[in-house]
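# Coordinates in review
Read off the chains here:
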Amino acid sequence: MTVHLEVADGVGTIRLDRPPMNALDVATQDRLRELAEEAGRRDDVRAVVLWGGEKVFAAGADIKEMQAMDHAAMVVRSKALQDSFTAVAQIPKPVVAALTGYALGGGCELALCADFRIAAENAKLGQPEILLGLIPGAGGTQRLARLVGPSKAKDLIFTGRHVKAEEALAIGLVDRVVPADEVYAQAHAWAARLAAGPALALRAAKESVDAGLEADIDTGLTIERNWFAGLFATEDREIGMRSFVEDGPGKAKFL
């Protein structure tokens, strides 16, 4: 298998494992979708880390495989390609991408599906599809523009240039830059911290932000209000408020 799901202490690590560059061929895309859906279902997975290994996150699609596809084949495949990445974006739990080396093309698009991105000092990100006479096809034109704004997204997509970790941090493409040998540990620590939190409230927060961004402000406020009220029916809310009253803030132990 070219993608694995490893679970420990409430954190599920979805690990790309297709040496040497973790090229995202069709089989890898399909497996990624399967494991994202599995991580979303499993009760023992409360947060997720996306990880490509110590050397590279993912350098993009399998170009030789794509070269053999004609228009008719890609009309069929493009929906499945997007669905595999959307499955990651829709994991109803906190997701952090741990980025080392190249995160290009599909690799950058996969990172965009996470809630938080921690990059190594040696990371390079970009959407170089234009250099192949293409555009990003796994969500890059949409998720990148929503994350960094349309002007910066167009710069990266129109030119196909790579950005180093420092620039990626400056434009909001990544959220933290750390030494390469600390990337996975810091990503896992971030995920583990959230894995100990209230699962339903975290799910509600993620859906409220993500769904609200796709709607007008009034619709977004309705989404927030419904989730907010609904959480009053949960045991997590009872635990959190009881702990606050009895022990002070920040000491609740959620199930």
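Residues numbered from 1 in each chain as written. Predicted model: local features only at pLDDT ≥ 70, side-chain atom pairs only at ≥ 80, totals over all residues. Heavy atoms only, no water.

The subject of this paragraph is the overall build of the protein. Secondary structure assignment for the protein yields 11 helices and 9 strands. In terms of principal-axis extent, the alpha carbons of the protein reach across some 60 × 40 × 35 Å. A total of 255 residues make up the protein; the buried ones form 43% of that total. Intrachain contacts of the protein at a sequence separation of at least 6 include 68% that bridge at least 24 residues. Surface summary for the protein: the accessible area is close to 13,100 Å², and the carbon and sulfur share equals 57%. Averaging the coordinates of the 29 positive side-chain charges in the protein and doing the same for the 36 negative ones gives two points 1 Å apart. (Helix = DSSP H or I, 4+ residues; strand = E, 2+ residues; numbered from the N terminus. Buried < 20%, exposed > 50% of the residue type's maximum accessible area, 1.4 Å probe, protein only. Contact = heavy atoms within 4.5 Å. Areas by Shrake-Rupley, 256 points an atom, 1.4 Å probe, with all protein chains shown as cover. Lys, Arg positive; Asp, Glu negative; His and termini not counted. Charge placed at Lys NZ, Arg CZ, Asp CG, Glu CD.)

Taking 1.5 Å of rise per residue, the 19 residues of helix 3 (residues 71–89) would be expected to cover 27 Å, and the 27 Å separating its terminal C-alpha atoms lies within 8% of that figure. The largest bend in helix 3 amounts to roughly 35 degrees and is located at Arg77. Every buried residue of helix 3 is accounted for by Arg77, Ala80, Leu81, Ser84, Phe85, Ala87, Val88 and Ala89. Residues of helix 3 that are buried sit in contact with helix 1 (26–41), strand 3 (47–51), helix 4 (106–112), helix 5 (140–148) and helix 9 (199–213). (Expected span 1.5 Å × (residues − 1). Bend = angle between axes of the 7 residues up to and from the residue.)

Let us now look at the nonpolar core. Soluble globular proteins tend to bury their nonpolar side chains together. Counting residues in hydrophobic clusters, the biggest one holds 45 residues, and the most contacted among them are Leu50, Leu125 and Leu173. Considering every element that reaches this core, the biggest residue donor is helix 3, with 5 residues. Core analysis: the second largest hydrophobic core is formed by 15 residues, Val49, Ala98, Val178 and Val183 among them. (Core = buried A, V, L, I, M, F, W, Y, C linked by side-chain atoms within 4.5 Å.)

Before going further, it helps to spend a moment on the sheet that holds strand 2 (residues 11–16). Hydrogen bonds along the backbone pair up the strands of a sheet, which may run parallel or antiparallel. If you walk across this open sheet you meet the 6 strands as 1-2-3-4-6-9, and the pairing is mixed. In this open sheet, the two edge strands, each paired with only one partner strand, are strand 1 (3–8) and strand 9 (176–178). Put simply, the sheet's adjacent strands are angled 20 degrees from each other on average, direction ignored. Pairing geometry for strand 6 (residues 116–120) and strand 9, over 3 bridges, is parallel. By the bridge assignment for strand 9, Ile118 is matched with Arg176. Set on the sheet, helix 8 (residues 183–195) makes contact with strand 1, strand 2, strand 3, strand 4 (95–99), strand 6 and strand 9; between it and strand 3 the angle comes to about 165 degrees. (Pairing = 2+ DSSP bridges. Axes fitted to C-alpha atoms, helices over the stretch in contact; angles between N-to-C directions.)

Moving on to unusual backbone geometry. Of note, the bond from Pro19 into Pro20 is cis; its omega dihedral lies within 30 degrees of zero at 5 degrees. Relative to the helices and strands, Pro20 resides in the loop between strand 2 and helix 1. Positive phi, close to 55 degrees, is recorded for Asp9, a residue that is not glycine. With respect to the element layout, Asp9 can be found in the loop between strand 1 and strand 2. According to the relative accessible area criterion, Asp9 is exposed, its value standing at 71%. One non-glycine residue, Asn22, lies in the positive phi region at around 55 degrees. Topologically, Asn22 is positioned in the loop between strand 2 and helix 1. With a relative accessible area of 5%, Asn22 lands in the buried category.

Below, the discussion takes up the pairing of strand 1. Taken together, the 6 bridges between strand 1 and strand 2 define a ladder with antiparallel strand orientation. Opposite Ala8, over in strand 2, you have Val11 as the bridge partner. Turn length for the strand 1-strand 2 hairpin, with the two strands adjacent in sequence and antiparallel, is 2 residues, and the turn residue Asp9 shows positive phi of about 55 degrees.

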